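Notes for the structure review
So the chains spell out like this:
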Amino acid sequence: MRKVRGLLLLIATLTVMTTACGTSENETMRRIYDVNQAEAILQRHETFRLCGWDYGRDNRKEDYVTRESIYSEYEDNAALYEKDDEWCYTYADESLSKYWFAMPEDEIQPFLPKDYAILGSAMLTEENVRIVDNADHTTTITSKKNAKQSVTFLRENFPAMPKEYYAHDIECEYIVDTETYELSHLKWFLTVDGKEVLLYELNIIPDTDQMPEKLQTMLDLIPQYKECMENSETRKTITVVYEAGTKQEKSYVYTTANECLVTPVARDGYMVDFGTLEKVTDEDGTVHITLQAVRNAGNK
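All residue numbers refer to positions counted from 1 along the written sequence of the respective chain. In view of the model being predicted, local features appear only for residues whose pLDDT reaches at least 70, and side-chain atom pairs are presented and counted only at 80 or more, with totals across whole chains, interfaces and linings using the full set of residues. Computation of side-chain values: all heavy atoms of the structure, hydrogens and water removed.

1. Observations concerning helix α6 (residues 213-231)
Taking 1.5 Å of rise per residue, 19 residues should cover 27 Å, and α6 covers 28 Å from first to last C-alpha, within 8% of that figure. Listed as buried for α6 are Leu-215, Met-218, Ile-222 and Tyr-225. On its buried face, α6 is in contact with β2 (61-66), β3 (70-73), β4 (77-81), β5 (86-90), β6 (95-101) and β14 (261-265). Elements are defined by DSSP. Helices are runs of H or I of four residues or more, strands are runs of E of two residues or more, and each kind is numbered from the N terminus. To estimate the expected span of a helix, subtract one from its residue number and multiply by 1.5 Å. Burial classification: accessible surface area is computed with a 1.4 Å probe over protein chains only, and a residue below 20% of its type maximum counts as buried, one above 50% as exposed, and the rest as partly exposed. Contacts between residues were defined by any pair of non-hydrogen atoms, one from each residue, lying within 4.5 Å.

As structure tokens, then:
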């Protein structure tokens, strides 16, 4: 499931660009980068919340990171990664399910958020850096991405953007604590015909008790889900079959309470085809569900 891999899409997609060869790092940008890595933030704070928006989206996206868990929102669902469990909340039907990775144990790790990235290393070579003390214990640092990074980024991430926008360099604005350089706000934008076109905006709020609304909903539902798993009188098995009908056929099976929802995640290069679903119910109420995993386009 690409959405599991996409936990960091809000930020990683917007920051992981190839650093131009021969371009040196800027010391100011290096300091912002180092101070605002997730691990560094969690050494100073118990939690942090991210509220972001990017060009082409109607709604803001929220993430919430603690020392024990990572929560992230996508277009149609939200994911919560705890130490031992991974959860999915689907907006359309307001349902909670568990992610089940239908694959060998040694293939699961790449699907999980090992490192949560707030800033990508491409920022280290931003140019024309200007520093302004705001006299309120904050400092505004502005810069530009070099032309090659700008055009590559815009074409890859905003294909529907007006073509004339691709000729403009991405401008960046960071608001940091004057002493610590801890980041509170950033935005990326273009200046087109004297007007600002916002590409990406992010607020970082440390040590807040105010969780995203959908996260609080998930935390309220999880105890009910676990109780159902333990006490349900009826069970169901879910089987995901790879390379069905061939010598390479391989199956993975998950058993849970009949009432509990499960979101199966296929191995890299495959997707679960829900159109192949087969369902059989035994006389005792046990449900057997079989699904096929098919290769993604381009991985035939």
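So much for the structure itself; the text now carries on.
2. Notes on the nonpolar core
Side-chain atoms within 4.5 Å link the members of a nonpolar core, which is a set of buried Ala, Val, Leu, Ile, Met, Phe, Trp, Tyr and Cys residues. Formed by 38 residues in total, the largest nonpolar core has its most connected members in Tyr-174 and Leu-199. Of all the secondary structure elements, the ones that give two or more residues to this core are α3 (27-35), α4 (38-44), β1 (47-54), α5 (147-157), β9 (171-177), β10 (183-192) and β11 (195-206). For Leu-199, the contacting residues outside a window of four places in its chain are Trp-53, Asp-54, Tyr-55, Phe-153, Leu-154, Phe-158, Met-161, Ile-170, Trp-188, Phe-189 and Leu-190.

3. What about the packing of aromatic side chains?
Pairing of aromatic side chains requires ring centres within 6.5 Å, counting the rings of Phe and Tyr and the six-membered ring of Trp. Pairs whose planes differ by under 30 degrees are stacked, by over 60 edge-to-face, and all others tilted. Scanning all chains against the criterion turns up 13 aromatic pairs. Ring geometry for Phe-153 versus Phe-158: centroids 5.6 Å apart, planes at 80°, classification edge-to-face. Each member of the pair, Phe-153 as well as Phe-158, carries the same accessibility label: buried. Both rings, one in Phe-153 and one in Trp-188, keep their centres 5.8 Å apart while their planes meet at 85°; by these two values the pair is edge-to-face.

4. So, the environment of Leu-291
The residue Leu-291 is located in strand β16 (residues 287-295) in this model. Along the chain, Leu-291 and His-185 lie 106 residues apart, while their C-alpha atoms are 45 Å from each other.

5. Quick notes on α5
All buried positions along α5 are accounted for by Gln-149, Ser-150, Phe-153 and Leu-154. Buried positions in α5, seen along its axis, are confined to an arc of 120° and lie on one side of it. Set apart from the buried face of α5 by more than 90 degrees, the exposed residues are Lys-148, Arg-155 and Glu-156. Throughout, the arc means that of the directions going from the helix axis to the C-beta atoms.

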